[in-house]
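Single-letter residue listing:
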Amino acid sequence: MTTMTDTSNAARFREFKMPDVGEGLTEAEILKWFVQPGDTVTDGQVVCEVETAKAAVELPIPFDGVVHELRFPEGTTVDVGQVIIAVDVAPGSAPEAPAATPEPALEPEAEEAPKGRQPVLVGYGVAESSTKRRARKGAETAPPAAAPAAVQGELNGRGPAAPVPEARPLAKPPVRKLAKDLGIDLATVTPTGEGGVITRDDVHAAAKPAAAATPVAPSVPEPSAEPAVPVEAPVPAGARETRIPVKGVRKAIAQAMVGSAFTAPHVTEFVTVDVTRTMKLVAELKEDKDMAGVRVNPLLVIAKALLVAIKRNPGVNAVWDEANQEIVQKHYVNLGIAAATPRGLIVPNIKDAHDRTLPELAESLGELVATARDGKTSPAAMAGGTVTITNVGVFGVDTGTPILNPGESAILAVGAIKLQPWVHKGKVKPRQVTTLALSFDHRLIDGELGSRFLADIAAILEQPKRLITWA
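Given the structure is predicted, the values throughout are model-derived calculations rather than measurements.

Engineer: Residues and numbers for the packing of aromatic side chains, please.
Structural biologist: Two aromatic rings, taken as a pair, are described by how far apart their centres are and by the angle between their planes. The final tally for this structure, using the stated rule, is zero aromatic pairs. Cation over ring: R14 sits above F63, and NZ or CZ is 4.5 Å from the ring centre. Across the ring face of W470, the terminal group of R312 is positioned such that the distance to the ring centre comes to 3.8 Å.

Right, dumping it as structure tokens:
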């Protein structure tokens with residue numbers, strides 16, 4: 001039989017479960033705890049960092065209190081829905097004996113989503129509820145007040161939160177950090193994301209008016225020249241082999257690559273091209289005042305060339321729908337950029353890259369690289385890609401045969417740009433040359449379309465003025 005004391009204790013300690021921070025993810029590894037038992041936490045405070053199959057994500061807790069217990073140590077893989085931390089929401093109070101007029105017991109926590117509630121980053125969102133939070137010891141007892149017009153449910157859906165002057169803006173941790181770095185108050189930003197969530201683009205849009213009124217534009221973090229190198233644990237003396245658990249991003253990469261290689265029939269074509277004029281254009285753009293504050297490199301021009309080539313060959317930008325036996329033509333380009341990080345390969349993408357000007361594309365590339373380098377790329381940033389670029393040239397490699405990112409139609413590998421002897425205007429001269437490799441899904445793209453697409457990219461890089469004449 002449940003006593004009043006048991007009910008009081010249950011109401012006093014709140015549990016926070018491992019959320020599905022991506023799209024249908026089933027587990028995540030706890031990388032780091034930012035709090036310990038006895039620490040005070042507040043609504044929205046990041047308490048831990050977890051690594052899913054897609055990215056490392058910081059988890060904010062949706063209520064106030066004092067940490068009572070951490071259920072799992074760092075390095076543990078936890079299933080979605082398991083309790084990872086318990087919080088004392090009424091610190092200092094002790095179990096009470098049954099009062100003359102006992103409070104109504106809280107309803108038991110439901111394991112499934114309450115009816116009418118929508119899943120969000122952690123748990124479930126706003127829902128109408130008539131349950132009351134247990135009064136803290138020492139608080140004055142007041143008669144029940146009339147229900148407000150809009151009931152504020154807590155982020156994880158366990159009853160109404162304490163009344164606040166206004167709703168806390170909905171935004172993921174990386175977006176909150178971006179807003180903080182840019183000096184933007186999220187309360188002043190108009191959300192455009194699903195469910196009223198503030199996106200990166202919303203923050204940038206809010207920052208533009210302020211930037212226009214300021215003579216000095218904020219600088220964009222300069223990505224490191226060298227690719228990220230994973231930090232390996234020291235090998236014990238005399239050890240002949242080391243076993244490394246396959247989990248997180250590495251596990252997801254393995255599954256995705258095997259699935260792609262044995263699902264989509266790959267074809268890879270190659271072309272070697274003189275990019276001397278492109279390199280001259282890059283040098284000129286670095287001195288252009290319109291490109292001040294953004295990183296300009298060959299990848300920027302290559303990305304723009306690919307976008308123009310897609311416009312000339314729209315059949316490349318498609319996806320195979322196996323269930324409906326249809327080819328789905330995409331009228332937008334979410335341009336993926338393969339990035340090597342200490343945790344493994346990830347492919348974040350620039351949403352609606354086809355609509356961006358060259359300075360906007362440069363800014364997006366710089367932000368994408370900086371976020372990936374810091375290990376803060378969100379699962380949403382890696383979803384919905386259509387075509388990808390992988391720059392193997394940064395490793396000094398001439399070319400490769402890249403495997404398609406699942407759900408995409410093509411991937412372009414860019415080799416190292418080297419000074420080589422080249423026949424130019426009838427004479428052998430030293431020219432800057434690179435090799436491009438295009439892998440594509442032969443169900444969607446036949447040899448003619450794939451060849452024309454690759455030839456167009458090469459032609460633009462050989463004569464960058466085609467960025468204007470073909471656009």
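Read on for the rest.
Engineer: Could you give me a rundown of the pattern of salt bridges, with the residues and numbers involved?
Structural biologist: Considering all chains together, one arrives at 13 salt bridges under this definition. For the salt bridge of E58 with K376, the shortest nitrogen-to-oxygen distance reads 3.0 Å. Here K376 lies in the loop between helix 7 (358-373) and strand 18 (387-390) and E58 lies in strand 5 (residues 56-60), a separation of 318 residues in the sequence. Under the relative-accessibility criterion, K376 is labelled partly exposed at 27%. A salt bridge links R373 to D374; the nearest nitrogen and oxygen atoms lie 3.7 Å apart. Beyond isolated ion pairs, a larger network of salt bridges with shared partners links E15, E69 and R71.

Engineer: Any chance you could break down helix 5 (residues 276-287) for me, citing the residues and the numbers?
Structural biologist: Along its 12 residues, helix 5 runs 18 Å from first to last C-alpha, staying within 8% of the 16 Å computed at 1.5 Å per residue. Summarising the contacts, the buried residues of helix 5 are in contact with strand 11 (266-274), helix 6 (298-312), helix 7, strand 21 (427-441) and helix 8 (447-462).

Engineer: For the pairing of strand 21, give the residues involved together with the corresponding values.
Structural biologist: With nine bridges connecting them, strand 11 and strand 21 associate as antiparallel partners. Residue pairing across strands places T272 opposite T435, the latter belonging to strand 21. Bridging between strand 19 (residues 410-414) and strand 21 involves five bridges; their strand directions are antiparallel. Across the sheet, the residue bridging to V414 is L436, located in strand 21. Pairing between strand 20 (residues 418-424) and strand 21: seven bridges, direction antiparallel. Residue pairing in the sheet places K418 in a bridge with V433 of strand 21. Between the antiparallel neighbours strand 20 and strand 21 lie two residues, among them K425 with a positive phi of about 55°.

Engineer: Describe in detail the sheet that holds strand 2 (residues 27-33), supporting the description with residues and values.
Structural biologist: Strand order in the open sheet made by the four strands is 5-4-2-7, with antiparallel pairing throughout. Strand pairing shows two members of the sheet lacking a second neighbour, strand 5 and strand 7 (77-79), which therefore form its edges. Mean inter-strand twist for the sheet, computed between neighbouring axes without regard to direction, equals 40°. Examined bridge by bridge, strand 2 and strand 4 (residues 46-51) share four bridges and lie antiparallel to one another. When the sheet's bridge partners are listed, E29 is paired in strand 4 with E51.

Engineer: Describe helix 8, and please don't skip the residues or the numbers.
Structural biologist: In this model helix 8 runs 22 Å from its N-terminal to its C-terminal C-alpha over 16 residues, within 8% of the 22 Å that 1.5 Å per residue would give. Considered for burial, the residues of helix 8 that qualify are L449, G450, F453, L454, D456, I457, A458, A459, I460 and L461. Elements in contact with the buried residues of helix 8: strand 11, helix 5, helix 6, strand 19, strand 21 and helix 9 (466-469).

Engineer: How would you summarise the side chain of T435 if you had to cite specific residues and measurements?
Structural biologist: Residue placement: T435 occurs in strand 21. Reaching out from T435, the side chain makes a polar contact with the side chain of T272 at a distance of 3.3 Å. The contact partners of T435, leaving out residues within four places of it in the chain, are V271, T272, D398, T399, A413, V414 and G415.

Engineer: Please set out the sheet that holds strand 1 (residues 13-17) residue by residue, giving values where relevant.
Structural biologist: Strand order in the open sheet made by the four strands is 1-8-6-3, with antiparallel pairing throughout. Each of the sheet's edge strands pairs with one partner strand only, and the pair in question is strand 1 and strand 3 (40-41). Note: strand 3 against strand 6 (residues 65-70), two bridges, orientation antiparallel. Of the residues in strand 6, the one forming a bridge with T40 is V66.

Engineer: Any chance you could break down the nonpolar core for me, citing the residues and the numbers?
Structural biologist: With 47 residues, the main nonpolar core has L306, I389, L412 and I457 as its most contacted residues. Breaking this core down by element, the ones donating at least two residues are helix 5, helix 6, strand 14 (335-337), helix 7, strand 18, strand 19, strand 21 and helix 8. A total of 11 residues in this core trace back to one element, the largest contributor, which is helix 6. In contact with L412, other than residues within four places in its own chain, are I302, L306, T388, I389, T390, L436, A437, L438, L454 and I457. Grouped together as the second largest cluster of nonpolar side chains are 23 residues, A28, I30, V47 and F63 included.

Engineer: Please give an account of the environment of A459 that cites residues and values.
Structural biologist: Checked against the element boundaries, A459 lands in helix 8. In this structure the C-alpha to C-alpha distance between A459 and A305, which are 154 residues apart in sequence, comes to 9.0 Å. When sequence neighbours within four positions are dropped, the list of residues in contact with A459 reads R466 and W470.

Rules behind the numbers
Residues numbered from 1 in each chain as written. Predicted model: local features only at pLDDT ≥ 70, side-chain atom pairs only at ≥ 80, totals over all residues. Heavy atoms only, no water. Phe/Tyr/Trp six-rings, centres within 6.5 Å; stacked < 30°, edge-to-face > 60°. Lys NZ or Arg CZ within 6 Å of the ring centre and 35° of its normal. Salt bridge = Lys/Arg side-chain N within 4 Å of Asp/Glu carboxyl O. Helix = DSSP H or I, 4+ residues; strand = E, 2+ residues; numbered from the N terminus. Buried < 20%, exposed > 50% of the residue type's maximum accessible area, 1.4 Å probe, protein only. Expected span 1.5 Å × (residues − 1). Contact = heavy atoms within 4.5 Å. Pairing = 2+ DSSP bridges. Axes fitted to C-alpha atoms, helices over the stretch in contact; angles between N-to-C directions. Polar contact = N/O pair within 3.5 Å; in protein donor to acceptor, adjacent residues only side chain to side chain. Core = buried A, V, L, I, M, F, W, Y, C linked by side-chain atoms within 4.5 Å.

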